[in-house]
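Coordinate analysis (summary)
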Amino acid sequence: MTTITLRPDQPFDLDRTLSCGQAFRWEKVEGWWQGIVEGRAIRIRQDADLLTFSGVDAEFICDYFRLDQDLPGILSSIDRDPVIARAIQECWGLRLVRQQPWECLASYICATNTNIPAVKRRIALMAERFGGPVDGPFGTAYTFPEPEVLASAPFDDLWDCRLGYRTDYISSAAALVAEHPDWVERVAALPLEDARRVLMELRGVGPKVADCVLLFAFDSFEAFPVDVWVHRIMATTYLPDIAGRSCKPSDYERIRRFAQDYFGKYAGYAQEYLYCMRGHAEWQKRGGR
DNA sequence: CGCCAGGCTGTGC
DNA sequence: GCACAGCATGGC
């Protein structure tokens, strides 16, 4: 067991961070969060300002949860009106975790037009079938499958992971990443808009998936993914003339441009705080206003 | 049963 | 450029 004591200037809420739906490989069991990150099985809990964990070292935890990122500074930079202020207040301690590009890409391809429990199930099934076993603090776990393995997996075996119509998307994305070992570096080296276009060349990757991957795995904090929840929140509070519920491409573009201009270079944090607020009872009670 | 979910692709105009 | 159908799956 290792511990980290959070400083007063390091606001952090482990529960909020791992349950808000950004990462899909964590589960809370008897007070402990169990997860698989970068091939390691991690067990972690929080008691006030004390983090207790095993499976990785303190540097890994600090890096994964971005504990050294100046969250108070970021939040004050996006805190521009009462709505986002309330999200910041109610989602106190939420941090964006540092995800691995390939896993993040595949995960969000699995996350289109579906719900979070189903995404978690798909990823767990893929890991059990195509990942590697790792012994950790909570028995045997399975790493997220390497692109080479998924690229050569028979269609029917992938289909059995409940991927549905996304089966081909995962297969071909895996093939591309497997064929280009420098894929991550190449995308990482591109400016946001160029990286976005490159990601969207993949089948099954549209604007929303591309923005998620850029935000969660490529440190593009200006990226602003617009899913149905964020679309709803943005339309009701900031762009009331957007009528439809279907998020047309022009709406998507308008929303993200507005958000980047309005919230600034950490618009992605604003997105995640607004998204996190979607499930808040008080928000829903008031009909999203 | 129907409707919705961290949407995207393909077709037709 | 726009709209609109179709899509596998699971939660509620």
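Criteria and thresholds
- Residues numbered from 1 in each chain as written.
- Chains lettered and ligands numbered in written order.
- Predicted model: local features only at pLDDT ≥ 70, side-chain atom pairs only at ≥ 80, totals over all residues.
- Heavy atoms only, no water.
- Helix = DSSP H or I, 4+ residues; strand = E, 2+ residues; numbered from the N terminus.
- Polar contact = N/O pair within 3.5 Å; in protein donor to acceptor, adjacent residues only side chain to side chain.
- Contact = heavy atoms within 4.5 Å.
- Domains from an automatic or database assignment.
- Buried area = accessible area lost by both parts, 1.4 Å probe.
- Near = heavy atom within 4 Å.
- Nonpolar A, V, L, I, M, F, W, Y, C, P; charged D, E, K, R; others polar.

**Some remarks on the side chain of Gln-271**
Along the chain, Gln-271 turns up in helix H15 (residues 267-276). A polar contact of 3.1 Å, which involves the side chain of Gln-271, links it to the backbone oxygen of Pro-225. Gln-271 has contacts with Leu-215, Phe-224, Pro-225 and Val-230, leaving out every residue within four places of it along the chain.

**Some details on the domain arrangement of chain A**
Annotation of chain A at the domain level lists domain 1 (2-69) and domain 2 (101-217). For domain 1 versus domain 2, the separation of C-alpha centres amounts to 23 Å. Contacts between the two partners involve 16 residues from domain 1 and, on the opposite side, 19 residues from domain 2. Between domain 1 and domain 2, the buried area comes to about 1,400 Å², and carbon and sulfur atoms account for 66% of it.

**Quick word on the protein's contact with DNA strand C**
Around DNA strand C, a shell composed of Asn-113, Thr-114, Asn-115, Arg-121, Trp-159, Arg-162, Gly-164, Tyr-165, Arg-166, Lys-248 and Ser-250 is seen. Arg-121 places a side-chain nitrogen or oxygen 2.2 Å from a phosphate oxygen of DNA strand C. Contact distances for DNA strand C include 2.9 Å between a phosphate oxygen and a side-chain N or O atom of Arg-162. Split into classes, the residues belonging to the surface near DNA strand C amount to 2 nonpolar, 5 polar and 4 charged.

**Some points on the protein's contact with DNA strand B**
As a structural note, the neighbourhood of DNA strand B is formed by 28 residues, with Asn-113, Trp-229, Arg-232, Gln-271 and Glu-272 the closest of them. Each atom of DNA strand B within 4 Å of the protein was classed as base or backbone; sugar and phosphate made up 60%. Between DNA strand B and the protein, one listed contact pairs a base nitrogen with a backbone N or O atom of Gly-21 at 2.8 Å. In this structure, Trp-229 approaches DNA strand B through a side-chain N or O atom, which is 2.2 Å from a phosphate oxygen. Secondary-structure elements contributing two or more residues to the surface near DNA strand B are helix H12 (207-217), helix H13 (228-237) and H15.

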